[in-house]
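What follows is the residue order along each chain.
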Amino acid sequence: MKRPTLEAVAARAGVSRATASRVVNGQTTVAPGIRDAVLRAIDELGYVPNSAARSLVTQRTDSIALVVSEPPSRVFADDPLFSTVIRTASVELEAADKQVVLMLASSPKSHARVERYIAGGHVDGVMLISMHGADPLPAAVSRLRVPVVSYGRPAVPVDIPFVDNDNVGGAESAVRYLLDTGRRRIATIAGPLDMIGGQDRLTGYRNVLRESDRRSIVAVGDFTRESGATAMRQLLRDDPELDAVFVANDLMAVGALQALRQAGRRVPGDVAVVGFDDIEAAKYTEPPLTTVRHPVFDQAAAMVRLLLSLFENGPREPIILPTDLIIRESA
């Protein structure tokens, strides 16, 4: 069957092609009665707008790039952060009649590809996730004059609005709780220190120990389960008398629990463990994990709303969401 044209819609509605085009492209300069006639003709004919032609008129693609600076092996592994952010952003954008274009950027070649795609006008805005260290992408994208927001504070000094959670305050609440429950030799498994989340959670840990005149005992992981187990074994070698550990994310905490069990340490009898994130699996570890709840859903939704507001010249101020300490049996 021949695809219905805009001219056919205009003829059926008894209006000019230009008027039908204004209705299709969402302009508000058409009288309600005429708009209803055009929409009725669209429905009767089964007309579907040509997206390429519509983009030429509206200067919009209705597509948003979600750029993750991680390799596929990390994004599609067992870390629920990425799937939660992608799913939440997709739902929020669908409600705004926009779609997500997922792009992975973990190498110089992929960075260049992402920049070319955005510069080519294929998306209306950009959301950046999981930026590391001196990643050049935030600065490069900001130069393209495309609305852009970051999930988390960028690690480089660049003028990009962002949505984050209170990493420092959340870590401080975890370590204070451990002190209040009588723990005296509190170690930490920090996240990667080329990421703001890793830096800020380590800062929160150190702030509290400095206030209480206790020394820091630090091992560094990379937010994966395996690195948590490795770091926990290192901490036990460095200080066999430690009686608590604050872990910068729940996946590493799961690895730490495994290493403690293999070393014959009882949790929380010998060593108390507190994580960060409150992923679903935290309820089902052995024992269930005390953790800092990181509002991933709210942060991802706020990121989308912030980006959409930029299309209307809305505020660019960063949004910082609170965290909550969730107490379970591990501490």
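Up top is the structure these notes are about.
Given the structure is predicted, the values throughout are model-derived calculations rather than measurements.

1. Quick notes on the sheet that holds strand S6 (residues 186–190)
Strand order across the open sheet formed by six strands is S7-S6-S8-S9-S10-S12, with mixed pairing between neighbours. Among the strands making up the open sheet, the edge pair consists of strand S7 (218–220) and strand S12 (324–326). Strand-to-strand, the axes of this sheet are offset by a mean angle of 20°, without reference to chain direction. Sheet analysis places strand S10 (residues 290–293) next to S12, joined by three bridges and oriented antiparallel. The residue bridging valine 292 from the neighbouring strand is leucine 325, located in S12.

2. Re the packing of helix H1 (residues 6–13) against helix H2 (residues 17–24)
In the contact formed by H1 and H2, the axes pass within 8 Å of each other and the chain directions differ by 105°. With respect to their mutual orientation, H1 and H2 come out roughly perpendicular. Contact with H1, carried on its side by Leu6, Glu7 and Ala10, involves Arg17, Ala20, Ser21 and Val24 of H2 and no other residues of that element. Grouping the amino acids of the contact of H1 with H2 by side-chain chemistry returns four nonpolar, one polar and two charged.

3. Overview of helix H6 (residues 80–95)
Think of an α-helix as 3.6 residues a turn; residues three or four steps apart then line up on the same face. In this model H6 runs 23 Å from its N-terminal to its C-terminal C-alpha over 16 residues, within 8% of the 22 Å that 1.5 Å per residue would give. Listed as buried for H6 are Phe82, Thr84, Val85, Ile86, Thr88, Ala89 and Leu93. On its buried side, H6 packs onto strand S1 (63–68), helix H5 (72–75), strand S2 (99–104), strand S3 (125–129), strand S4 (148–151) and helix H13 (296–310). Immediately beyond the C-terminal end of H6, within one or two residues, lies aspartate 97, with a positive phi of roughly 65°.

4. Observations concerning the nonpolar core
Residues Ile189, Met232, Leu235, Val245, Phe246 and Val273 are the most contacted members of the largest nonpolar core, which totals 47 residues. Counting only elements with at least two residues in this core, the list comes to helix H9 (167–180), S6, helix H10 (196–211), helix H11 (225–238), strand S8 (244–247), helix H12 (250–262) and strand S9 (272–277). Excluding residues within four positions of it along the chain, isoleucine 189 makes contact with Ala219, Gly221, Gly228, Ala231, Met232, Leu235, Val245, Phe246, Val247, Ala248, Met252 and Ala256. Judged by nonpolar contacts, the second largest core, of 24 residues, contains Leu104, Met127, Ala300 and Ala302.

5. So, the environment of aspartate 278
Inspection of the secondary structure puts aspartate 278 in the loop between S9 and S10. Taking relative accessible area as the criterion, aspartate 278 reaches 15% and is therefore assigned buried. Taking the C-alpha atoms as reference points, aspartate 278 and valine 67, 211 residues apart in sequence, are found 24 Å from one another. Excluding residues within four positions of it along the chain, aspartate 278 makes contact with Asp250, Thr291, Val292, Arg293, Ile326 and Arg328.

6. What about the sheet that holds S1?
In space, the six strands of this open sheet follow the order S2-S1-S3-S4-S5-S11, with parallel pairing throughout. This sheet does not close on itself; its edge strands, each paired only once, are S2 and strand S11 (319–321). Put simply, the sheet's adjacent strands are angled 20° from each other on average, direction ignored. Where S1 lies against S2, six bridges are found, and the strand directions are parallel. By the bridge assignment, valine 67 is partnered in S2 with methionine 103. Helix H7 (residues 108–119) contacts S1, S2 and S3 of the sheet and is inclined by roughly 150° relative to S2.

7. Considering the packing of aromatic side chains
Here the structure, examined in full by the defined rule, presents one aromatic pair. Pairing phenylalanine 246 with phenylalanine 276 gives two aromatic rings, centres 6.4 Å apart and planes at 65°, and the pair type is edge-to-face. Here the residue phenylalanine 246 occupies a position in strand S8, and phenylalanine 276 occupies one in strand S9, the gap between them amounting to 30 residues. Taken individually, phenylalanine 246 and phenylalanine 276 each receive the classification buried, so the pair is uniform in this respect. Lying over the aromatic face of phenylalanine 276, arginine 201 brings its terminal NZ or CZ to 3.8 Å of the ring centre.

Calculation notes
Residues numbered from 1 in each chain as written. Predicted model: local features only at pLDDT ≥ 70, side-chain atom pairs only at ≥ 80, totals over all residues. Heavy atoms only, no water. Pairing = 2+ DSSP bridges. Helix = DSSP H or I, 4+ residues; strand = E, 2+ residues; numbered from the N terminus. Axes fitted to C-alpha atoms, helices over the stretch in contact; angles between N-to-C directions. Parallel < 35°, antiparallel > 145°, perpendicular 65-115°, else oblique. Contact = heavy atoms within 4.5 Å. Nonpolar A, V, L, I, M, F, W, Y, C, P; charged D, E, K, R; others polar. Expected span 1.5 Å × (residues − 1). Buried < 20%, exposed > 50% of the residue type's maximum accessible area, 1.4 Å probe, protein only. Core = buried A, V, L, I, M, F, W, Y, C linked by side-chain atoms within 4.5 Å. Phe/Tyr/Trp six-rings, centres within 6.5 Å; stacked < 30°, edge-to-face > 60°. Lys NZ or Arg CZ within 6 Å of the ring centre and 35° of its normal.

All we've got here are geometric facts, nothing functional implied.
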